[in-house]
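Letter by letter, the chains look like this.
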Amino acid sequence: MDLKPILLKAESDFNNAVSALNINEVKAKYLGKKSFLGELMQKMKDFTPEERKEYGKLANDFKVALEVLYEKALKRVNDMEIEKRLTENKLDITLPGLNFNQGTIHPLTKITREIEDLFLALGYEIKEGPEVEIDEYNFEKLNLPKNHPARDMHDSFYIDAHRLLRTHTSPVQVRTMLESQSNELKIICPGKTYRRDLDDATHSHQFMQIEGLVIGPNINMANLKGTLDLLAKTIFGQDREIRLRPSYFPFTEPSVELDVSCQCQKQGCPICKYTGFIEILGAGIVNKKVFAMCGLDPEKVQGFAFGLGVERIAMLKYKMNNLRHFYTNDLRFLKQFKGGL
Ligand code: FA5
């Protein structure tokens, strides 16, 4: 039986096929049940064993040859289709990409995170409290009873007779002491605060503070000074000096204000009003009355606390002359503070 002419015809049919669909038609014609090969296989059972041996090998070689032709044709058609798709959808990798407007981190968030990172490394916890606070926590338990003259320093937004927008982050100290009843705490409390101050270059009716509170056995002024020195050097640079000045806060006794040496190296400049130092925060040793009002035994526990204004720190760090830039959403200003989110 001469199968060569059939193989040649099959080869030419497979070569002429231009799509996967064509290939399958040609495959059915030569390898399908009704093909010459299919019929040959059917007839095999009628052959004598000797004939079967001879025709079996012949049919098998024929089938393998046809399958090779099929595989080759299929690969050729697939390659052609890929090639066609590549030329049709040409990708120009030299075209400039789309311009995504990537946001930058707000300078106040940046400073807050820097300070948080420092205190987290020192083993402090971060605590938060509500911006709508009760009078009892914002004032009374901080030793500011009703009609206390020091309340005048915090001109407040009252919501009703008992609730107000917190004027500082110190009520978070009160909440944490009341809740934990622990004689050992190391916390910082960042957040928004509100005062009925007139907006100007250094005041805003809404601003940010970070409170710090450490309580434990034998906590003293030296611990406070060491901590504030580290804070000032971390934010402003190792060459800065600090200075503690006596001050007054009802919730700390004694109280101090912290000044940091100015970038003019204490030579005197308009930023420090020619004093060489700039005030950055209030602090002190926690008043025993506050411990007692928060349920802790004033004879067993000592502590220090501090509260800083984030805007003022940011202004000093970035050499700004007006706090309002933080709140006017001018992209030309905000885009200068590059940094990861
Ligand atoms: C307090 O608020 C105290 N609670 C801080 C404190 C905490 C003292 C713990 C002792 C112990 P003072 O009123 O000074 O203190 O405010 C702290 C800081 O908030 C100021 O130094 C200033 O940086 C910032 N600040 C106050 N008012 C404004 C305002 N209107 N706009 C922007 N920043 C302000």
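Look a little higher up for the structure.
All of these numbers come straight from a predicted model, not from anything done at the bench. (Residues numbered from 1 in each chain as written. Predicted model: local features only at pLDDT ≥ 70, side-chain atom pairs only at ≥ 80, totals over all residues. Heavy atoms only, no water.)

A. Looking closely at unusual backbone geometry. The omega torsion across Glu253 and Pro254 is 0°, close enough to zero to call that bond cis. You will see that Asn218, though not glycine, has its phi angle at about 60°, which is positive. Inspection of the secondary structure puts Asn218 in the loop between β5 (206–216) and α8 (221–236). Overall, the relative accessible area of 64% leaves Asn218 in the exposed class. (Helix = DSSP H or I, 4+ residues; strand = E, 2+ residues; numbered from the N terminus. Buried < 20%, exposed > 50% of the residue type's maximum accessible area, 1.4 Å probe, protein only.)

B. Here's a closer look at the packing of helix α5 (residues 107–121) against helix α10 (residues 310–317). Packing of α5 against α10 leaves a shortest axis separation of 10 Å and a crossing angle of 100°. Between α5 and α10, the angle falls in the class roughly perpendicular. Facing α5, whose interface residues are Leu108, Ile111, Thr112 and Glu114, α10 presents Val310, Glu311, Ile313, Ala314 and Lys317. Among the residues making up the contact of α5 with α10, the classes are represented as five nonpolar, one polar and three charged. (Axes fitted to C-alpha atoms, helices over the stretch in contact; angles between N-to-C directions. Parallel < 35°, antiparallel > 145°, perpendicular 65-115°, else oblique. Contact = heavy atoms within 4.5 Å. Nonpolar A, V, L, I, M, F, W, Y, C, P; charged D, E, K, R; others polar.)

C. View of the pattern of salt bridges. Going through the model one piece at a time under the given rule, you end up with 20 salt bridges. Across the pair Lys57 and Asp61 runs a salt bridge whose closest N-O atoms are separated by 2.9 Å. Remark: Asp61 and Lys57 occur in helix α4 (residues 49–88); sequence separation between them is four residues, near one turn of the helix. Close ionic contact of Arg245 with Asp259 constitutes a salt bridge, the shortest N to O distance being 2.7 Å. Linking Arg245 in strand β6 (residues 242–249) with Asp259 in strand β7 (residues 252–261), this pair joins segments that are 14 residues apart in sequence. Look at the salt bridges and you will find they share partners, linking Arg243, Arg245, Glu257, Asp259 and Glu279 into a network. (Salt bridge = Lys/Arg side-chain N within 4 Å of Asp/Glu carboxyl O.)

D. Main features of the environment of Arg245. On the basis of relative accessible area, Arg245 is assigned to the partly exposed category, the value being 27%. Leaving out residues up to four positions away in the same chain, Arg245 has contacts with Ser255, Val256, Glu257, Asp259 and Glu279. Within the local environment of Arg245, its side chain forms a polar contact with the side chain of Asp259, the two groups lying 2.7 Å apart. (Polar contact = N/O pair within 3.5 Å; in protein donor to acceptor, adjacent residues only side chain to side chain.)

E. Just the layout of surface pockets, in detail. In this structure, the largest pocket occupies an estimated 1,300 Å³ of space. Lining the largest pocket are 50 residues, and of these Thr202, Glu279, Ile280, Leu281 and Arg312 sit closest to its centre. Breaking the lining of the largest pocket down by element, the ones donating at least two residues are α7 (170–180), β5, β6, β7, β8 (277–286), β9 (302–309) and α10. When the residues that make up the lining of the largest pocket are grouped by side-chain class, the tally is 22 nonpolar, 16 polar and twelve charged. (1 Å grid on protein atoms, 1.4 Å probe; cavity = no way out; pocket = protein on both sides within 12 Å on 5 of 7 lines; lining within 4 Å. Points joined across faces, edges and corners; volume = space filled by probe spheres on them.)

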